[in-house]
Structures are given as structure tokens and as C-alpha cells.
Amino acid sequence: FRIMLKKIALTTLAASTLLMAANASALTGVYVNGQIGYADQSAKGELLSNGTSATDLTERTKRQGAWSTALGYNFDLDEAISFGAEFGYGYYGRTIWQAESGSVDGFAKIKQSAWTLLFTAGYHFDEMFGAYFKAGPAFGSSDVRGDNSFSFDGAVTDESYNKTLPMIVLGGTFNIMPELAVNLEWQHIFGAELTQEQPNRFQTVNAIMAGLTYTFEV
């Protein structure tokens, strides 16, 4: 009987040790992430002109749908701290800036997207909740399209402009199961407000995204 109890105790201890090890390394591995949300972009001043007069847009912010996806690798240094890196793509919507000058209407459509290379650091409060920070370069692209009534001062319409800009991300996670987590994050790309003199700059992006992350454990 004592031998049986000893075997049960050893088996329970071994199972507990394996379970703790599994929990500690549950987030280590390659992961895929998909998110949807919205992004804010801004312009300031007289953005559009027909060569003789312009409509003052003043300072405005426009919001539109956005999404992002990423492939990365996360390594748990211990039960609380993790590090990693990811390569991703984000689409931050198409802003339409409308201008009127007398009987002439005009508009500019500016579509923004970015490839991203971000380094990540995370902290696990427990097996379910965590927080993370990401930072790195965003290789942004602005596709500018204007109609025939209006033109940009200092730039040619119907062009694409590329710019590498810094990006940061703050977020939190909730683990549905060890390999699957819900996440909510704020993304910020350090762009610039568009003006009439410089309409070809990548607009500052503030995005709120929610999505799922699936980790393939190693």
C-alpha cells in the first residue's frame, strides 16, 4: 500500500512539473496575428488648390476602417517576460479630402499602408492576461489620387510616395487557451499632417486594432 501511495505521489509530482513547464513555455514559438479596427489620419491648412483659390480645410481628422496582419516569433524568457520580433503589413484606409471653390469641386484620395518590422517585449501577469510593447520601422506608402479640377502645390497628382518612419505599439492580451489569445492594441506611426505645400507626406496614423494571435508551440 505504501509503495502504491509513493507511486501515485511521484506520478502526481511529475504531471505537475510537466504542466508547469507547459504553462511557462505556452507562448514560445512562431505566431500569426490578424486584426481589424480603425485609423485616424489628419490634414491641416489649405490642402487642395485649383491654382487661383483654395478651400481652407483648417485642421481635420478623418477616421476609416483599417486592418493588419503579422508573422513573428516570441520567446518566453521566464514565466513573466518575453521577447520577439515580427514582420507585418497594415492597411490604414483611404482618406478623401474634399474642397470647393465657387462652382468647382475637387477632391484628393490618399490611401495609406505600411510594411512593418517590429521588435516586441511582453509581460505576463498570469496565465491569462498580458501586456506588450512593440517598436521598429514602418515602410509606409501613400497613394495620392486627385481629380482634374484640383492639383497639389509642389507635387504631382496620381503618384505614390514611400517613406520609412518609426512606429510604436501598445497592447494587451487575454489567452482563451495557451496557444490562442485575443489582443487589443494601439498603433502609432510618426508621420506628418498634410499641407498644401507638402501634400506628399505620409500622414500620422493612430489606429485601434483588435484581433487574434495563434502561436505554434515549439
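Per-chain numbering applies: the sequence of each chain, read as written, is numbered from 1 onward. Only residues with pLDDT of at least 70 get local features here, since the model is predicted, and only at 80 or more are side-chain atom pairs given and counted; chain-wide, interface and lining totals rely on the full set of residues. Side-chain measures were taken over the full set of non-hydrogen atoms in the model, leaving aside hydrogen atoms and water.

**Points about the pattern of salt bridges**
Test applied: Salt bridges are counted wherever a side-chain nitrogen of Lys or Arg sits within 4 Å of a carboxyl oxygen of Asp or Glu. Note on conventions: DSSP H or I runs of at least 4 residues are helices, E runs of at least 2 residues are strands, and numbering of each starts at the N terminus. Type-normalised accessible area, obtained with a 1.4 Å probe on protein chains alone, sets the label of each residue: buried when under 20%, exposed when over 50%, and partly exposed for intermediate values.
Taken as a whole and judged by the stated rule, the model has 3 salt bridges. A salt bridge links Glu-185 to Lys-134; the shortest N-O distance between them is 3.8 Å. With Glu-185 in strand 7 (residues 180-189) and Lys-134 in strand 5 (residues 129-146), this pair connects stretches of sequence that are 51 residues apart. Each member of the pair, Glu-185 together with Lys-134, is buried. Salt bridges sharing partners connect three or more residues here, namely Glu-86, Lys-134 and Glu-185.

**Comments concerning the environment of Ala-80**
Stated formally: Throughout, a contact is declared for two residues whenever any of their heavy atoms are within 4.5 Å.
Looking at the secondary structure, you find Ala-80 in the loop between strand 2 (59-76) and strand 3 (81-101). Between the C-alpha atom of Ala-80 and that of Tyr-123, which follows or precedes it by 43 residues, the distance is 5.3 Å. Not counting residues within four places of it along the chain, the set of residues in contact with Ala-80 comprises Gly-122, Tyr-123 and His-124.

**Section: the nonpolar core**
Heads up, the condition is: To qualify as a nonpolar core, a set must consist of buried Ala, Val, Leu, Ile, Met, Phe, Trp, Tyr and Cys residues joined through side-chain atoms within 4.5 Å.
Ala-39, Tyr-92, Met-167, Ile-189, Val-205 and Ala-207 are the most contacted members of the largest nonpolar core, which totals 15 residues. The set of elements that each furnish at least two residues to this core consists of strand 4 (104-124), strand 5, strand 6 (159-177) and strand 8 (205-217). Residue contacts for Ile-189: discarding those within four places in its chain leaves Tyr-92, Ala-114, Ala-138, Leu-165, Pro-166, Met-167, Phe-202, Thr-204 and Val-205. Membership of the second largest hydrophobic core comes to 5 residues, among which are Trp-97, Val-144, Tyr-161 and Leu-194.

**As for the pairing of strand 7**
Convention followed: Strand pairing requires that DSSP identify at least two bridges connecting the strands.
Two strands pair when backbone bridges link them, and strand 6 and strand 7 are joined in this way by 10 bridges, in the antiparallel orientation. Following the sheet pairing, Met-177 is matched in strand 7 by Leu-180. Hairpin remark: strand 6 followed by strand 7, antiparallel, with 2 residues in the connecting loop. Pairing geometry for strand 7 and strand 8, over 10 bridges, is antiparallel. Bridge assignment links Ala-181 to a residue of strand 8, and that residue is Thr-213.

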